[in-house]
Amino acid sequence: MGKFDERAVILGKYIASSADTVRGAAKKYGMAKSTVHKVLTTRLPHVDAALWEKVKRVLETNLAERHLRGGEATKRKYLGRRKE
């Protein structure tokens, strides 16, 4: 297993165990969001199919909840402005 495959497994295990977002994983590992997404979606399925299934479920959940997180962030933003 090469270093790129190891990176895919490390990112996959982190996402699967923490249910963090791609953005969160990118920040934790000092990578670009696009790199994390690309590694997870192109390399991981070929390296560890079982782990990929777990990661895929987390990514689908995050995608489905994305609009809710955005709404909460906007709400916090304007509530903070109101207090000032």
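The rules we used
- Residues numbered from 1 in each chain as written.
- Predicted model: local features only at pLDDT ≥ 70, side-chain atom pairs only at ≥ 80, totals over all residues.
- Heavy atoms only, no water.
- Salt bridge = Lys/Arg side-chain N within 4 Å of Asp/Glu carboxyl O.
- Helix = DSSP H or I, 4+ residues; strand = E, 2+ residues; numbered from the N terminus.
- Buried < 20%, exposed > 50% of the residue type's maximum accessible area, 1.4 Å probe, protein only.

## Let's talk about the pattern of salt bridges
Taken as a whole and assessed by the stated rule, the structure comprises two salt bridges. Across the salt bridge formed by Arg43 and Asp5, the nearest N and O atoms sit 3.0 Å from each other. Remark: Asp5 occurs in helix α1 (residues 3–18) and Arg43 occurs in helix α3 (residues 33–47); sequence separation between them is 38 residues. Between Arg69 and Glu65 there is a salt bridge whose closest N-O contact spans 3.2 Å. A residue pair is termed a helical-turn pair when its members lie 3 or 4 positions apart in one helix, as Arg69 and Glu65 do in helix α4 (residues 49–83) at four residues. Taking the relative accessible area as the measure of exposure, Arg69 reaches 37% and is therefore partly exposed.

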